[in-house]
Amino acid sequence: VTEQQSVLFVCLGNICRSPLAEAAFSVEMARRGFAVRVDSAGTSGWHAGEPPDWRALKVARRHGTDIAHYRGGQITQADFSNFNHIVALDLENLSRLRAMRPPNATASLSLLLDFVAGREGQAVADPFYGDIADFETTWTDVSLAAAGLARHLFGTE
Ligand code: 4NP
């Protein structure tokens, strides 16, 4: 029996990259048959209450996942004890998370692409000012990383 794990993915707006990371990791957990709590948040609250960017919705749908029910939200200090793992999509947001991390935090903090061999220390590029091809790149990155993170947390499969 695996202990209940929970993972929170964090980007800036919570409408492009972290919802796609949440979707890809949820797909990976479903594939493995694991009941893991998965969510996403932004370091900003700019898009709180909004659904994902339409390009993220489209790319997720292309890859077989409907994320239309997702809603943007800003990370809170409570999240640092409500989740086991907080995973940043880029280095700027990792820095912001380190800065706001409360002293009693229990969540681990990591960078998503550190779980992909050869991509350590890299950012998932912000596709917000790009086009649909940039969102496809985001999907590729977060899918690779979802598999790598799953291996890191739960072992080879
Ligand atoms: P995300 O992308 O951090 O991947 O959700 C962005 C979304 C919105 C903005 C920037 C990045 N924005 O400036 O509103």
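This text goes with the structure placed above it.
Residues numbered from 1 in each chain as written. Predicted model: local features only at pLDDT ≥ 70, side-chain atom pairs only at ≥ 80, totals over all residues. Heavy atoms only, no water.

(A) Seen up close, the packing of aromatic side chains. Throughout the structure, instances matching the rule amount to three aromatic pairs. Taking the centre distance of 5.5 Å and the plane angle of 65° together, the rings of Phe 9 and Phe 25 count as edge-to-face. With Phe 9 in strand β1 (residues 6-11) and Phe 25 in helix α1 (residues 17-32), the pair connects residues that are 16 residues apart, well separated along the chain. Across the pair, exposure class does not vary: Phe 9 and Phe 25 are buried alike. Centre to centre, the rings of Phe 128 and Tyr 129 are 4.9 Å apart; their planes meet at 80°, and the pair counts as edge-to-face. Since its relative accessible area comes to 76%, Tyr 129 is described here as exposed. Lying across the ring of Phe 83, Arg 37 places its NZ or CZ 4.5 Å from the centre. (Phe/Tyr/Trp six-rings, centres within 6.5 Å; stacked < 30°, edge-to-face > 60°. Helix = DSSP H or I, 4+ residues; strand = E, 2+ residues; numbered from the N terminus. Buried < 20%, exposed > 50% of the residue type's maximum accessible area, 1.4 Å probe, protein only. Lys NZ or Arg CZ within 6 Å of the ring centre and 35° of its normal.)

(B) Here's a closer look at the environment of Ala 147. Locating Ala 147 in the fold gives a position in helix α5 (residues 132-154). When its relative accessible area of 19% is taken as the criterion, Ala 147 is described as buried. Considering only alpha carbons, one finds Ala 147 and Asp 131, 16 residues apart in sequence, at a separation of 25 Å.

(C) Summary view of the nonpolar core. Core analysis: the biggest nonpolar cluster contains 34 residues, and Phe 9, Leu 20, Phe 25, Leu 89, Leu 112 and Val 142 have the highest contact counts within it. When residues of this core are traced back to their parent elements, those giving at least two are β1, α1, α2 (54-62) and α5. The leading source of residues in this core is α5, at eight residues. For Phe 9, the contacting residues outside a window of four places in its chain are Ser 18, Ala 21, Glu 22, Phe 25, Val 38, Asp 39, Ser 40, Ala 41, Val 87, Leu 89, Leu 112 and Leu 149. Counting residues in hydrophobic clusters, the runner-up holds 13 residues, among them Val 10, Ala 88, Leu 94 and Leu 111. (Core = buried A, V, L, I, M, F, W, Y, C linked by side-chain atoms within 4.5 Å. Contact = heavy atoms within 4.5 Å.)

(D) Summary view of the packing of α2 against α5. Running from N to C, α2 and α5 point in directions that differ by 55°, and their axes come no closer than 9 Å. With respect to their mutual orientation, α2 and α5 come out oblique. Viewed along their axes, α2 and α5 form a crossing whose handedness is right-handed. Of α5, the residues touching α2 (which contributes Arg 55, Ala 56, Lys 58, Val 59, Ala 60 and Arg 62) are Ile 132, Phe 135, Glu 136 and Trp 139. For the contact of α2 with α5, the residue count by class is six nonpolar, no polar and four charged. (Axes fitted to C-alpha atoms, helices over the stretch in contact; angles between N-to-C directions. Parallel < 35°, antiparallel > 145°, perpendicular 65-115°, else oblique. Left-handed = near helix turned anticlockwise from the far one by under 90°. Nonpolar A, V, L, I, M, F, W, Y, C, P; charged D, E, K, R; others polar.)

(E) View of the environment of Val 7. For Val 7, the position within the fold is in strand β1. As for Val 7 and Ser 40, which are separated by 33 residues in sequence, their C-alpha atoms are 8.2 Å apart. When residues no more than four places from it in sequence are discounted, the contact partners of Val 7 are Phe 25, Val 36, Arg 37, Val 38, Asp 39, Phe 83, His 85, Val 87, Leu 149 and Leu 153.

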